[in-house]
Amino acid sequence: MAELLVVTGVSAGTVFFLTNEETVIGRGETCDAVILDPWISGRHARFERRGDQLWLVDLDSRNGTFLDGRRIHEGELKEGAQVAFGRTVATVRALDRSAHSGTTDPALKVRYLSEVEKMVSEGGAPQSTDPARRQLAALQAIGRALADASGLEESLAKILTTVAEAVRAEQSSLLLLDEKGTLVPRVHVPRDSPPRISASVIGAAARRRAGLLVTDAQHDDRFTGAQSVFFQGIRSCLCVPIWAENRMLGMLVLDRGVVDPFSEDDLELVTVVAYQAALAIERARPVERARTMDAQRRKLLRHFSPDVANLILSQTELDQDPLAVTVREEATMLFSDVRGFTGITERLPPLELAQLLREYFSEMTKAIFEERGTLDKFMGDGLMAIFGVPVPQPDDALRAVRCATRMLDRLQSLNGRLPEHRLLTIRIGINTGRVIAGNFGTTERLEYTVLGDAVNVAARLESIAEPGTIYVGTTTYERSRGHFAFRPIGARTVKGRTEPIMVYALDRPNAS
């Protein structure tokens with residue numbers, strides 16, 4: 001990204017970022033870069049991209065636009081070009097990133113590091129009076145610090161600490177844009193005191209899209225009436241946007257509460273460091289995002305099939321919360337338990353019983369995940385599965401019935417490997433209806449589940465089912481009868497309901 005460094009005039013020391021979009025220079029507040037030079041027109045000139053080249057176009061300004069000493073209507077800009085608007089003179093820089101933000105070219109990197117080491121060996125340090133030495137020494141210190149940083153937060157803290165020491169700031173903060181586009185403090189120095197931040201000053205820098213040097217905010221007409229400036233005692237401050245290509249990622253904010261103003265060299269140094277911060281952020285964010293996604297996926301896989309987990313994660317990336325409490329017009333619940341489990345617990349030693357349950361639940365979970373169901377919970381020897389939440393599918397009821405048949409098939413296979421005294425028999429109940437779904441519990445522990453009458457009916461169907469059978473409610477029957485054969489059991493009264501419910505038993509699956 002190219003820069004416009006103001007050399008003389010009222011904005012001397014200011015660096016404006018020239019994005020790939022058009023950048024209009026002028027006195028007017030609607031301009032992209034505002035320079036308060038009375039000799040400059042409201043909309044004076046425009047920087048624009050033409051292919052790979054940067055051009056400067058005069059916007060019929062009253063006092064003209066000059067490029068390398070000659071008045072122009074438009075002209076192509078080269079590295080180091082001198083431009084003048086009114087009484088303001090500035091330099092255009094393409095800012096070779098190999099010198100500021102690291103390079104993948106080994107030869108350039110070797111030359112750069114050699115130059116840094118040479119300057120440091122000659123006495124260069126962040127406190128050096130030579131601006132170039134200060135910048136190179138600060139970048140070297142940041143480079144070494146970032147090499148040992150474990151993540152984004154630590155990287156930002158080391159960058160901020162280094163630049164704060166280099167310009168002798170009393171307070172400093174590094175802010176990043178959140179998902180809503182709001183600048184939020186991520187790190188600040190010193191850590192044991194609250195950050196000293198003025199929304200008025202930050203807003204001025206963000207609107208200008210340029211680094212802002214304020215000599216004394218207490219007597220600056222731009223911040224008259226800004227209570228944050230007055231009450232926090234902010235005097236001299238630096239606000240420099242952190243840019244990556246055409247996007248602002250955040251802001252570096254440094255200030256002094258005493259009348260010892262920052263200099264134009266300080267602004268230059270912080271601007272260079274801002275590029276380093278942008279590089280660190282762009283490199284670290286994908287890694288941080290991958291770590292977060294991996295942790296979320298591992299957590300989701302405890303309850304959801306891999307396909308459902310991936311769907312949840314994809315919706316989360318779209319700023320949706322698929323696990324929030326909502327009313328779902330239709331979901332299908334499956335309950336199952338082991339018949340005569342109490343007798344088995346009496347016959348088996350505890351460790352053998354635990355091993356048997358692990359094998360059994362492993363087979364049942366595989367059947368649920370094969371049909372993209374959600375494992376809600378284990379309840380002793382029983383389990384509850386859900387189809388249709390958090391991600392609904394058009395065939396949820398059908399998949400629940402198919403899952404039940406898979407469970408019986410897997411149990412038969414498991415029993416074939418077990419001795420006779422460990423053989424298991426299960427019964428299954430399935431019902432479809434309206435539910436409330438989402439994360440329920442306390443702030444300390446949340447659990448994703450479903451609530452409602454349809455859930456209770458599914459549990460009652462399981463409790464009245466014969467061993468080795470699958471009982472379903474009316475809606476489940478209607479949704480899946482084209483694929484499975486059922487026989488009516490009749491209307492049954494179940495606990496918790498005054499009205500009887502119609503019950504169907506799965507007879508056998510069709511070829512389809």
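Residues numbered from 1 in each chain as written. Predicted model: local features only at pLDDT ≥ 70, side-chain atom pairs only at ≥ 80, totals over all residues. Heavy atoms only, no water.

Undergrad: Could you give an account of the nonpolar core, naming the residues involved and the relevant values?
TA: Counting residues in hydrophobic clusters, the biggest one holds 38 residues, and the most contacted among them are Leu334, Tyr360, Met407 and Ile430. Top element by residues in this core is helix α9 (residues 350-370). It accounts for 9 residues. Among all residues touching Tyr360, those that are not within four sequence positions of it are Ser336, Val338, Asp381, Leu411, Leu414, Leu424 and Ile426. Within the second largest apolar cluster, 33 residues are counted, among which are Ile142, Val167, Leu174 and Leu254. (Core = buried A, V, L, I, M, F, W, Y, C linked by side-chain atoms within 4.5 Å. Buried < 20%, exposed > 50% of the residue type's maximum accessible area, 1.4 Å probe, protein only. Helix = DSSP H or I, 4+ residues; strand = E, 2+ residues; numbered from the N terminus. Contact = heavy atoms within 4.5 Å.)

Undergrad: I'd like a description of the environment of Gly28, backed by residues and values.
TA: Its place among the elements puts Gly28 in the loop between β3 (23-26) and β4 (33-34). Taking C-alpha positions, Gly28 is 7.9 Å from Ser41, a pair spaced 13 residues apart along the chain. Dropping the residues within four chain positions of it, Gly28 is found in contact with Val34 and Gly42.

Undergrad: Describe in detail empty space enclosed by the protein, supporting the description with residues and values.
TA: For the coordinates displayed, the defined rule picks out 2 cavities of 30 Å³ or more. For the second largest cavity, the calculated volume is near 40 Å³. For the second largest cavity, the full set of lining residues is Arg196, Ser198, Val201, Ile202, Ile234, Cys237, Cys239, Val253 and Asp255. Across the lining of the second largest cavity, the residue classes tally to 6 nonpolar, 1 polar and 2 charged. (1 Å grid on protein atoms, 1.4 Å probe; cavity = no way out; pocket = protein on both sides within 12 Å on 5 of 7 lines; lining within 4 Å. Points joined across faces, edges and corners; volume = space filled by probe spheres on them. Nonpolar A, V, L, I, M, F, W, Y, C, P; charged D, E, K, R; others polar.)

Undergrad: Residue-level account of the confidence of the model for the protein, with values.
TA: Considering every residue of the protein, the mean pLDDT works out to 80; 79% of them sit at 70 or more. Across the protein, element-level confidence peaks in strand β22 (residues 470-472) with a mean pLDDT of 97 and bottoms out in helix α1 (residues 106-121) with 39. A low-confidence stretch, residues 95-128 stays under pLDDT 50, and its non-local contacts, those more than four residues away or across chains, total 52 contacts. (pLDDT = per-residue confidence, 0-100.)

Undergrad: Which residues make up the sheet that holds strand β2 (residues 15-18), and what values go with them?
TA: Remark on secondary structure: sheet strands pair via backbone hydrogen bonds, oriented parallel or antiparallel. Spatial ordering of the open sheet is given by β2-β1-β11-β10-β7-β8, a layout of 6 strands whose pairing is antiparallel. The sheet terminates laterally at β2 and β8 (70-72), the two strands that pair on one side only. For this sheet the average axis-to-axis angle between neighbouring strands, irrespective of direction, equals 30°. (Pairing = 2+ DSSP bridges. Axes fitted to C-alpha atoms, helices over the stretch in contact; angles between N-to-C directions.)

Undergrad: So what about unusual backbone geometry? Which residues, and what values?
TA: A cis amide bond links Val189 to the next residue, Pro190, at an omega of -5°. Structurally, Pro190 is set in the loop between β13 (183-189) and α4 (199-208). With an omega of 5°, the peptide bond between Val389 and Pro390 qualifies as cis. Along the polypeptide, Pro390 turns up in the loop between β19 (382-387) and α10 (396-415). Of note, Asp68 is a non-glycine position whose phi angle comes to about 50°, a positive value. The exposed category is assigned to Asp68, whose relative accessible area is 51%. Unusually for a residue other than glycine, Arg372 sits at a positive phi of about 60°. Mapped onto the secondary structure, Arg372 falls in the loop between α9 and β18 (374-379). Assessed through its relative accessible area of 32%, Arg372 is described here as partly exposed.

Undergrad: Quick one: what's the story with the side chain of Asp337, residue by residue and with numbers?
TA: Along the chain, Asp337 turns up in strand β17 (residues 326-338). Take Asp337: its relative accessible area is 15%, and that puts it in the buried class. Among the polar contacts made by the side chain of Asp337, one reaches the side chain of Arg427 at a distance of 3.1 Å. Excluding anything up to four places from it in sequence, Asp337 contacts Asp381, Gly382, Thr425, Ile426, Arg427 and Glu462. (Polar contact = N/O pair within 3.5 Å; in protein donor to acceptor, adjacent residues only side chain to side chain.)

Undergrad: An account of the pairing of strand β12 (residues 171-177) is requested, with residue identities and associated values reported.
TA: When you tally the buried positions in β12, you get 6 out of 7 residues, the bulk of the element. Pairing of β12 with strand β16 (residues 247-256) involves 6 bridges; the strand directions are antiparallel. Residue pairing for β16: Leu175 is matched across the bridge by Met251. Sheet topology note: the β12/β13 ladder contains 6 bridges and is antiparallel. In the strand pairing of β13, Leu174 is matched with Val187.

Undergrad: Provide a residue-level description of the sheet that holds β12, including the pertinent values.
TA: Read from one edge of the open sheet, 5 strands run β13-β12-β16-β15-β14, paired in antiparallel fashion. Either end of the sheet is taken by a strand with one partner, and the two such strands are β13 and β14 (212-214). The average undirected angle you get between the axes of adjacent strands in this sheet is 15°. In this fold helix α3 (residues 152-167) packs onto β12, β13 and β16, with an angle of close to 65° to the strand it touches most, β13.

Undergrad: Kindly report on the packing of aromatic side chains, identifying the contributing residues and their values.
TA: As enumerated under the stated definition, the model contains 5 aromatic pairs in all. The interplanar angle of 75° and the centroid separation of 6.4 Å between the aromatic rings of Phe47 and Phe85 together place this pair among those described as edge-to-face. Note that Phe47 is positioned in strand β5 (residues 45-50) and Phe85 in strand β10 (residues 82-85), a separation of 38 residues in sequence. Measuring from ring centre to ring centre gives 3.8 Å for Tyr477 and Tyr504, while their planes differ by 5°; the resulting arrangement is stacked. With Tyr477 in helix α12 (residues 474-480) and Tyr504 in strand β24 (residues 501-509), this pair connects stretches of sequence that are 27 residues apart. With relative accessibility at 12%, the residue Tyr504 sits in the buried group. (Phe/Tyr/Trp six-rings, centres within 6.5 Å; stacked < 30°, edge-to-face > 60°.)

Undergrad: How would you sum up the pattern of salt bridges? Please name residues and give values.
TA: All chains considered together, the criterion is met by 24 salt bridges. Between Arg406 and Glu370 there is a salt bridge, with the nearest N and O atoms lying 3.0 Å from each other. Taken as a pair, Arg406 in helix α10 and Glu370 in helix α9 lie far apart in primary sequence, 36 residues in all. On the basis of relative accessible area, Arg406 is assigned to the partly exposed category, the value being 32%. Since its relative accessible area comes to 37%, Glu370 is described here as partly exposed. Where Asp453 meets Arg497, a salt bridge forms, and the shortest distance between an N and an O atom there is 2.4 Å. (Salt bridge = Lys/Arg side-chain N within 4 Å of Asp/Glu carboxyl O.)

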